Amino acid sequence: MADAPAVPAATPRARVRVPLHFADGYRADAELVTFHGLVDGREHVAVVLGEPGAVPLVRLHSECLTGDVFGSARCDCGPQLREAVERVADRGGVLLYLRQEGRGIGLYNKLDAYALQDQGLDTYAANAALGLPEDARDYTAAAQMLTALGIGSLDLLSNNPDKAGQLRTLGLDVRDRVPTGVFSTPHNVRYLRAKVLQTQHTLPLAELADRGVS
């Protein structure tokens, strides 16, 4: 894209094969790639799955300790990660595991925001009440990683239009945005509804009836 901002080049640092094994028994072979030169200085990792083609399936997954590791039902991050690994492996592509806890505000701030959500604020209002951005994520490093892997055109596995918009602005050809599944629980339905209403995530609002549990 002629108007795309100049993005410094990153280079692959190391590649290592890692067999993945999930609690439900699903297994996948992955290649984990680390990088030199990422603009934010964080230790993001690319997880290459299957046999990526000319237009691979790509997932940008923001780190979520509570959801990915501890299985928290307050978000849909853990189920989205599990789904993404299988779908990317089946199609061939890359999952970028980005160190952007709490939409970029960090773990402690995210837990502080949870306490405000318990008082009735939605996930975005809670961030604002703490004087923090509703979503602090910047995907420049993600664009660097994809470019370093030789990916210029992709289908993006995401419900979030901002991810596709940022990647396009950074010069990548996002051919299609593929929605993820809907992983609602009584504890996260208000969170999912807020994502639809506040940031236009492509989730079926009619299916996310508020069950009165935050």
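Just above sits the structure.
Residues numbered from 1 in each chain as written. Predicted model: local features only at pLDDT ≥ 70, side-chain atom pairs only at ≥ 80, totals over all residues. Heavy atoms only, no water.

### Details of helix α6 (residues 161-169)
Every buried residue of α6 is accounted for by K163, A164, Q166 and L167. Considered in projection along α6, the buried side chains sweep an arc of 165° and stay on one side of the axis. Elements that come into contact with the buried residues of α6 comprise β4 (57-62), α5 (140-148), β6 (153-157) and β7 (173-178). (Buried < 20%, exposed > 50% of the residue type's maximum accessible area, 1.4 Å probe, protein only. Helix = DSSP H or I, 4+ residues; strand = E, 2+ residues; numbered from the N terminus. Arc of directions from axis to C-beta. Contact = heavy atoms within 4.5 Å.)

### Digging into the pattern of salt bridges
Per the stated rule, a full pass over the model turns up 10 salt bridges. The partner of R99 in a salt bridge is E63, and the shortest N-O contact between them spans 3.0 Å. On the criterion of sequence distance, the pair formed by R99 in the loop between β5 (93-98) and α3 (107-117) and E63 in the loop between β4 and α1 (65-69) is long-range, its members being 36 residues apart. Relative accessible area serves as the criterion here: at 33%, R99 is assigned to the partly exposed category. The buried category is assigned to E63, whose relative accessible area is 18%. Its salt-bridge partner being E101, residue K110 comes within 2.5 Å of it at the nearest N-O pair. Relative accessible area serves as the criterion here: at 8%, E101 is assigned to the buried category. (Salt bridge = Lys/Arg side-chain N within 4 Å of Asp/Glu carboxyl O.)

### A few points about the environment of K163
Along the chain, the position of K163 falls in helix α6. K163 sits in the buried class, given a relative accessible area of 4%. The sequence separation of K163 and A142 amounts to 21 residues, and the corresponding C-alpha distance is 9.9 Å. Once residues lying within four places of it in the same chain are set aside, the contact partners of K163 are R59, L60, R137, Y139, L156 and S158.

### Regarding the packing of aromatic side chains
Within this structure, the stated rule accounts for 1 aromatic pair. The interplanar angle of 40° and the centroid separation of 6.2 Å between the aromatic rings of F22 and Y26 together place this pair among those described as tilted. The class of Y26 is buried, set by a relative accessible area of 15%. Stacked on the ring of Y114, the Lys or Arg R74 has its end atom at 4.3 Å from the ring centre. (Phe/Tyr/Trp six-rings, centres within 6.5 Å; stacked < 30°, edge-to-face > 60°. Lys NZ or Arg CZ within 6 Å of the ring centre and 35° of its normal.)

### Quick look at the environment of N127
Tracing the chain through its elements places N127 in helix α4 (residues 123-129). Through-space distance from the C-alpha of N127 to that of L116 is 8.7 Å; in sequence the pair is 11 residues apart. Those residues within four positions of N127 in sequence are excluded, and the remaining contacts are R103, I105, A113, L132, P133 and E134.

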